[in-house]
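Letter by letter, the chains look like this.
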Amino acid sequence: MALLDYDNDGWLDIYLVNGSTQAAVDGKAMPPHAALFHNNHDGTFTDVTAKAGVGNDRWGFGVAVGDYDNDGWPDLYVTNFGKNRLYHNNHDGTFTDVAEKAGVALGNWSTGATWGDYDGDGRLDLFVPGYVHYDLKSQMSDTDALPLSFCSYRGVRTYCGPRGLPGESDHLFHNNGDGTFTDVSEKAGVSDKAGYYGLSSVFIDVNDDGKLDLLVANDSTPNYLYINKGDGTFEDQSYASGYALNKEGRETASMGIAVGDYRNNGLIDIFNTTFSDDYKVLYRNDGEANFTDVSNDTHIADMTIPFLGWGTAFLDYDNDGWKDLLEVNGHVYRNADTNNWGTSWAERPLLFHNLEGKRLEPVAAVEGTGLAEAMASRGLAVGDLFNDGRMDAVVNNMDSVPALLVDVDANSNHWVAFRLVGGPRSPRDAIGATLWLTANGMRQRADVFSGGSFASTSEMRPHFGLGAATKVDGLEVHWPSGAVEQFAVPQIDRIVTLTEGQGKPAVATKP
């Protein structure tokens, strides 16, 4: 799912991807469809899917938002089991699917895509991970002789996971600047020759060299960390960085990715959601793209073990200036409720409060609140839906209605958020920009990125909690073009537009 302002009215709208059924694929039933909800600015939303032309009606998995043609309007890339769609924004509340013409339709099974200008030419490129290569017409049946270890969980028969199936390739598409893309996966070194099972991805600069690196969360196989070499290629640093495995040296069934500087030391940290019976992994960035699994050190490991995690994000829900952590959960085995496994099909979200970067403390699931609601969740996107400075969350659930978790935390802390407009040498929506804000005796970092979570895109307006501070002492923006500017922020508790070229040129300061 995605949060985006598709009509440029200053309010976030909601796009929900939907799955399908084999009957629909076979033409024996009406296919389900995706849904676009317009924000009415009064706490309600209107379903505008049919008018906008973004129903998809394919077996949907994920969505990434990005203004790929730099016209100032956000476009949608929807990944499917089957051909993908690239919905171009027509500026009038409607979209046109141009995936075939653009050369990014692919086929088979695509998952959590990400947009980013990896080569610094000012245009957004597209990375699309693949899951497994699968044929509905040649499925294995219950009577097929299969190794029990592949098709059981704690000794109980279940459907099979991806192991034993061929992995679907990953694809990097270079933006040609004329509405078309070229597949450069092999040349760039990110085609996934090992055949891992990709689920989510995000372009983010993890070593602070001004070039976008690439993270890929893989199911039941090692994760990928590709370091951008600056010459159109990437170096696979998955194992050397410490991101491929957890601290026990095991691959995990990674579903979602959260990225953010939870310690306020200027370095991007990574959190991965995983399968139940496994702790969820927080990778601390030790500098120069070296990561350490600190899940136990931050006291989140044990609590997360029973949960099967999907969408996830860092967000400052109480505006105290420290990024908190949210994950949504839900099992894949429907018989989880009928077996004594210590887990369940529907599971509540987990919210961890950041105690000044030293510990992540679980927030109590008080009865009657959204944190106590058991759901079979998958997609998650966070953002300020009501322009009130509070970070809300939208959750896409399996075989149920979505959930809108409204931030009602009782605090009087201040905040500020920014809408970035890139100049001629940066992508228009400024994906890849990094902001450094100083207030309340702290220096915070926020990055503009598309994708991550589980196949979802959160709000791309960087949000900063200011605590009790009543002013911003300094703001430095590192634009994707490489330009560094300082901006005055005379007022807080509002959303401020920043345009590249209108700030004061500055020399970049290091974390």
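Numbering of residues starts from 1 in every chain and runs along the sequence as written. Residues qualify for local features only when their pLDDT is at least 70, as the model is predicted, and side-chain atom pairs are given and counted only at 80 or more; totals for whole chains, interfaces and linings, by contrast, use all residues. Heavy atoms from the whole structure form the basis of all side-chain values; hydrogens and water molecules are not counted.

Asker: How would you explain the pairing of strand S30 (residues 414-421) if you had to name every residue and give the values?
Answerer: Burial of S30 is extensive: 6 of the 8 residues sit out of reach of the surface. Two strands are counted as paired when DSSP detects at least two bridges linking them. To qualify as a helix, a DSSP run of H or I must reach at least 4 residues; to qualify as a strand, a run of E must reach at least 2; elements of each kind are numbered from the N terminus. Judged from the 4 bridges that link them, S30 and strand S33 (residues 463-467) form a sheet pairing that is antiparallel. Paired with His 414 across the two strands is Gly 467, which belongs to S33. Where S30 lies against strand S36 (residues 495-499), 5 bridges are found, and the strand directions are parallel. Opposite Ala 417, over in S36, you have Ile 495 as the bridge partner. Burial classification: accessible surface area is computed with a 1.4 Å probe over protein chains only, and a residue below 20% of its type maximum counts as buried, one above 50% as exposed, and the rest as partly exposed.

Asker: Give me the packing of aromatic side chains: which residues, what numbers.
Answerer: Ring pairs shown here join Phe, Tyr and Trp side chains whose ring centres sit within 6.5 Å, with only the six-membered ring taken for Trp; geometry is labelled stacked below 30 degrees between planes, edge-to-face above 60, and tilted in between. This structure, assessed with the given rule, holds 24 aromatic pairs. With a centroid separation of 5.3 Å and 50° between ring planes, the pair formed by Phe 61 and Trp 109 is classed as tilted. Highlighted residues: Phe 61 in strand S5 (residues 59-66) and Trp 109 in the loop between helix H3 (99-102) and strand S9 (114-116), separated in sequence by 48 residues. The class of Trp 109 is buried, set by a relative accessible area of 16%. With centroids separated by 6.1 Å and ring planes inclined at 10°, the aromatic side chains of Tyr 68 and Trp 115 adopt a geometry described as stacked. Of this pair, Tyr 68 sits in the loop between S5 and strand S6 (75-81) while Trp 115 sits in strand S9; the two residues are 47 residues apart in sequence, bridging distant segments of the chain. Of the residues examined, Tyr 68 reaches a relative accessible area of 7% and is grouped as buried. You can call Trp 115 buried: its relative accessible area is 0%. Taken together, the aromatic side chains of Trp 59, Phe 61, Phe 81, Trp 109, Tyr 131, Tyr 134 and Tyr 197 make up a single cluster linked through ring pairs.

Asker: Please give an account of the sheet that holds strand S22 (residues 291-293) that cites residues and values.
Answerer: A sheet is described by the order of its strands in space; here 4 strands give the open sequence S19-S20-S21-S22, paired in antiparallel fashion. Either end of the sheet is taken by a strand with one partner, and the two such strands are strand S19 (257-260) and S22. Geometrically, the sheet is characterised by an average inter-axis angle of 20° between neighbouring strands, direction not taken into account. Axes here refer to lines fitted to C-alpha atoms; in helices the fit is confined to the stretch in contact. Angles between the N-to-C directions go from 0 to 180 degrees.

Asker: Lay out the pairing of strand S32 (residues 442-447) with the relevant residues and their values.
Answerer: The element S32 is largely enclosed, with a buried count of 5 among its 6 residues. Taken together, strand S31 (residues 434-439) and the strand that follows it, S32, pair antiparallel across an intervening segment of 2 residues, in which Asn 440 is found at a positive phi of about 60°.

Asker: Break down the pattern of salt bridges for me, citing the residues and quoting the values.
Answerer: Between side chains of opposite charge, a pair can form when the charged atoms approach closely. Here, a salt bridge means any side-chain nitrogen of Lys or Arg that lies within 4 Å of a carboxyl oxygen of Asp or Glu. With the rule as written, the count across this model stands at 20 salt bridges. The salt bridge involving Arg 85 is made with Asp 97; its shortest N-O contact spans 2.8 Å. Placement of the pair is Arg 85 in strand S7 (residues 85-89) and Asp 97 in strand S8 (residues 95-97), with a sequence separation of 12 residues. The buried category is assigned to Arg 85, whose relative accessible area is 12%. Owing to a relative accessible area of 30%, Asp 97 belongs among the partly exposed residues under this scheme. With a shortest N-O distance of 3.1 Å, Arg 123 and Asp 121 are connected by a salt bridge. Judged by relative accessible area, which is 26%, Arg 123 ranks as partly exposed. Three or more residues joined by partner-sharing salt bridges are found here, namely Asp 57, Arg 85 and Asp 97.

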